[in-house]
Amino acid sequence: MGRISALFERLREEGRPGLIAYITAGDPTPERTAGLVSALERGGADLIELGVPFSDPIADGPVIQRGAARALKAGTNVVKVLEIAAAIRKQSEIPILLFTYMNPILRYGLEALARDAVARGVDGCLLTDLSVEEAGRYVDVMRAAGLDTVFLGAPTSTEERLKLVAKYSTGFIYLVSRTGVTGERNALSESVGPLVEAMRRITELPIAVGFGISTAEQARSVGAVADGVVVGSAFVRTLEEYGASADLEQRLEEHARELSSGLKKRAMPVRTA
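This report concerns the structure included in the present document. (Residues numbered from 1 in each chain as written. Predicted model: local features only at pLDDT ≥ 70, side-chain atom pairs only at ≥ 80, totals over all residues. Heavy atoms only, no water.)

## Some thoughts on the nonpolar core
Okay, step 1: Membership of the largest hydrophobic core comes to 66 residues, with the highest contact counts inside it found for Leu40, Leu50, Leu98, Tyr138, Met142, Phe151 and Phe235.
Okay, step 2: Per-element accounting of this core gives the leading share, six residues, to helix H4 (residues 78-91).
Okay, step 3: Excluding residues within four positions of it along the chain, Phe151 makes contact with Leu130, Val132, Ala135, Tyr138, Val139, Val165, Tyr168, Ser169, Ile173 and Tyr174.
Okay, step 4: Ranked by size, the runner-up nonpolar core spans 21 residues in total, among them Leu7, Ile20, Leu47 and Val63. (Core = buried A, V, L, I, M, F, W, Y, C linked by side-chain atoms within 4.5 Å. Buried < 20%, exposed > 50% of the residue type's maximum accessible area, 1.4 Å probe, protein only. Helix = DSSP H or I, 4+ residues; strand = E, 2+ residues; numbered from the N terminus. Contact = heavy atoms within 4.5 Å.)

Okay, structure coming up:
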């Protein structure tokens, strides 16, 4: 059992949803990212989505776009991100999921990425712009290396597509709470509950929900129906506002603690697949 599956098994035993934290590797600098991950973990983050900065992040809103631009300006690339992952692994066993796009991976080489990611302690990958219908070779290479492959389901996904997402995902499934790009929202979409229910009828894999979650109350609401709550833009905004500050790590830790505070123990959902 890999770190991601072991995490969700532990969360289920504890009767609580997990906090999945996204940050862009290299923002504000590559040298600081491992320390920021430690801060998130101290604050209650259970899994880290380590974003690979990309010049054309079409799935991301303006906050994460600016974070990617800062990371690229600081010299961050796939090689640097893998070095950051290795630095994180030296100090922590927290699961690491690379969150990226196809272009950087194709440039690096699929087989090379799988080999090097495993060697540096990465546990899985999520390629936001890879169509699940065309993911066969990618999945074969990743799984052969022992890496989890996480795919996205959305409110607009058909039942047939959700079944493909379930077929090709390992570790957990990431459901997008709304159509559009990442970013903080004032209110959650009403589609979250029905989408999670539809996915549970198809799979026994853990289900995480992201896009638009930025407050403790929103995290609590999503955590009432999902196995994991993904927060990205809210953390990246903290990096943007306090990136030049000496107390950035403290502020990020406090932010994570505030969000994780709402994820209390509860009766975990019964598997229906």
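Back to the text.
## Side note on the environment of Glu190
Okay, step 1: Take Glu190: it is sitting in the loop between strand E7 (173-176) and helix H9 (192-200).
Okay, step 2: Placed 13 residues apart in sequence, Glu190 and Ser177 show a C-alpha to C-alpha distance of 8.5 Å.

## Things to note about H9
Okay, step 1: Here H9 has its buried residues at Val192, Leu195, Val196, Ala198, Met199 and Arg200.
Okay, step 2: As for H9, its buried residues are in contact with strand E6 (152-153), helix H8 (159-168), E7 and strand E8 (207-210).

## Quick word on the packing of helix H3 (residues 62-73) against helix H11 (residues 233-242)
Okay, step 1: Orientation of H3 relative to H11, taken along the N-to-C sense of each, is 50 degrees, at an axis distance of 9 Å. Taken together, the axis directions place H3 and H11 in an arrangement best described as oblique. For H3 against H11, the interelement crossing comes out left-handed. Seen from H3, the contacting residues are Val63, Ile64, Arg66, Gly67 and Arg70; seen from H11, they are Ser233, Val236, Arg237, Leu239 and Glu240. (Axes fitted to C-alpha atoms, helices over the stretch in contact; angles between N-to-C directions. Parallel < 35°, antiparallel > 145°, perpendicular 65-115°, else oblique. Left-handed = near helix turned anticlockwise from the far one by under 90°.)

## Brief notes about the sheet that holds E7
Okay, step 1: Spatial ordering of the open sheet is given by E5-E4-E3-E2-E1-E9-E8-E7-E6, a layout of nine strands whose pairing is parallel. Taken across any chain shown, the strands that pair with only one partner, and hence form the sheet edges, are strand E5 (148-149) and E6. (Pairing = 2+ DSSP bridges.)

Any functional reading would require information that these geometric values do not contain.
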